[in-house]
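Notes for the structure review
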Amino acid sequence: MNRRQFLAATAATGLASPALAQSGAWPSRGSIRLIAQFPPGGLVDTIARLMAPSLSQALGQTVLVENRAGAGGVIGTDFVAKAPADGYTLLVSHASVHVFSTATLPTLPFDPITDFTYMVQLVEAPNVLLVKADSPYRTLEQYVTAARTRPVRFGSSGIGSAPHLLGAMLSDVARAPNLDHVPYRGSAPALQDLMAGAIESFVDPITTNTAMMRDGTLRCLGVSTAARLPAFPNVPTFAEQGFGRLTSAQWLGLSAPKNLPAPIVERLTALVPEILKQPTLAARFEDLQTMPRNPPLTGGAFVAQIQKEITEWTAVARQFNISVS
């Protein structure tokens, strides 16, 4: 086993010190913090608040969602990386930080693999390009054609986020140099500015936008899935419109600081896949078009997927000269 494999295995299995492993039953001494590294109203916050009550019930201890936003999710993620590995601080880990920020930021205050214990992938969310219903852009072709000759702004949840990277890729591959990125501190303020007319478009996970897509408030010009979504059969994919490189999804997972005691890792890794199957949660995931894999990735398989995506998206960022200074 080489050094990288050993470190990945350590992150996946949560090797613990004897003192931590023998510290008594978990959880027993108070509420558990579930950190959401983006503001209320976005993908992470929505899924965290769906999961928290079921986790509370299964563990017999209150699980409280705590928003620690900033720097495109880096602040909250770093907070967890540096927290005690005692099971009382958990993270809704997010591909936008662990993969896309790793690919586009020159440095991070944590190692995206070795500083965390990865347990279970929760859900995957495709990205969508949205405009208001009264937008002059009715198709993706009209949108990129306009951005070839005049400024067209797209909002995202932050610098280095997956929507930022996808928008920058679209600008490059569509030869639309006037497609300008406007970063926000999360999805909710970007959507607010879209509705106010301050920006022309918005790239975001589909999760919190399904209701406005269904009622016609928002028009979707493209979705990042390989095939059209059955819930939105009239929304074309980026791939079928000639932009296959934009096919991707953002995952969310449950993780913790490195060296989480093995009994806690094992308990959560066993509990969470069963929680994801609960009928009420499954119905909400369907409504949000943000679904778990079947079966979910766990432990080492989850870590391997993250490593694979970091390699792939770092290559994409370099190819298109996408870097966040």
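Just above sits the structure.
Okay, so let's go over this structure. (Residues numbered from 1 in each chain as written. Predicted model: local features only at pLDDT ≥ 70, side-chain atom pairs only at ≥ 80, totals over all residues. Heavy atoms only, no water.)

Thoughts on the overall build of the protein chain
Scanning the protein chain for helices and strands turns up twelve helices and nine strands. The C-alpha radius of gyration of the protein chain comes to 20 Å, within 12% of the 20 Å expected for a compact globule of 325 residues. Overall size of the protein chain, expressed as C-alpha extent along the three principal axes, is 65 × 40 × 30 Å. Burial status across the protein chain gives 54% buried among its 325 residues. In the protein chain, the proportion of contacts linking residues at least 24 apart, taken out of those at least 6 apart, comes to 79%. Total accessible area computed for the protein chain in this model is approximately 13,300 Å², and 54% of it derives from carbon and sulfur atoms. Once the 25 positive and 22 negative side-chain charges of the protein chain are each reduced to a mean point, those two points are 2 Å apart. (Helix = DSSP H or I, 4+ residues; strand = E, 2+ residues; numbered from the N terminus. Rg over C-alpha atoms; globule rule 2.2 N^0.38 Å. Buried < 20%, exposed > 50% of the residue type's maximum accessible area, 1.4 Å probe, protein only. Contact = heavy atoms within 4.5 Å. Areas by Shrake-Rupley, 256 points an atom, 1.4 Å probe, with all protein chains shown as cover. Lys, Arg positive; Asp, Glu negative; His and termini not counted. Charge placed at Lys NZ, Arg CZ, Asp CG, Glu CD.)

Observations regarding the environment of Phe202
Position of Phe202 relative to the elements: it lies in strand E7 (residues 201–205). The exposure class assigned to Phe202 is buried, which follows from its relative accessible area of 0%. For the pair Phe202 and Gly155, spaced 47 residues apart in sequence, the C-alpha separation works out to 4.6 Å.

Details of the pairing of strand E6 (residues 179–183)
Pairing geometry for strand E5 (residues 152–156) and E6, over five bridges, is parallel. Paired with Arg153 across the strands is Asp180, a residue of E6. (Pairing = 2+ DSSP bridges.)

Overview of helix H10 (residues 262–276)
With 15 residues, H10 should cover 21 Å at 1.5 Å per step; its first-to-last C-alpha distance of 22 Å lies within 8% of that length. Of all the positions in H10, only Ile264, Val265, Leu268, Val272, Pro273, Ile275 and Leu276 are classed as buried. Taken down its axis, H10 places every buried residue within 155 degrees of arc, on the same side. Facing away from the buried surface of H10 by more than 90 degrees, the exposed residues are Glu266 and Ala270. (Expected span 1.5 Å × (residues − 1). Arc of directions from axis to C-beta.)

A word on the nonpolar core
Core analysis: the largest hydrophobic core is formed by 85 residues, its most contacted members being Met51, Tyr143 and Leu170. What Tyr143 contacts, discounting residues up to four positions off in sequence, is Leu129, Tyr137, Val152, Phe154, Leu170, Leu179, Ser201 and Leu221. Of all hydrophobic cores here, the second largest spans 16 residues; its members include Leu130, Leu194, Met213 and Phe232. (Core = buried A, V, L, I, M, F, W, Y, C linked by side-chain atoms within 4.5 Å.)

Some thoughts on the environment of Thr298
Mapped onto the elements of the fold, Thr298 is located in the loop between helix H11 (279–288) and helix H12 (299–319). With near-sequence residues (within four places) excluded, Thr298 lies in contact with Met119, Val120 and Thr269.

A closer look at the packing of aromatic side chains
The final tally for this structure, using the stated rule, is six aromatic pairs. When the ring of Tyr137 is compared with that of Tyr143, the centres are 5.7 Å apart and the planes differ by 85 degrees; the resulting orientation is edge-to-face. Each member of the pair Tyr137 and Tyr143 is classed as buried. Note on Trp251 and Phe302: the rings are 5.2 Å apart at their centroids and 80 degrees apart in plane angle, and the pair reads as edge-to-face. Of the two residues, Trp251 is situated in strand E9 (residues 249–257) and Phe302 in helix H12; the sequence distance between them amounts to 51 residues. Accessibility classification places Trp251 together with Phe302 in one group, the buried group. Put simply, the rings of Phe110, Phe116, Tyr118, Trp251 and Phe302 pair up and form one aromatic cluster. (Phe/Tyr/Trp six-rings, centres within 6.5 Å; stacked < 30°, edge-to-face > 60°.)

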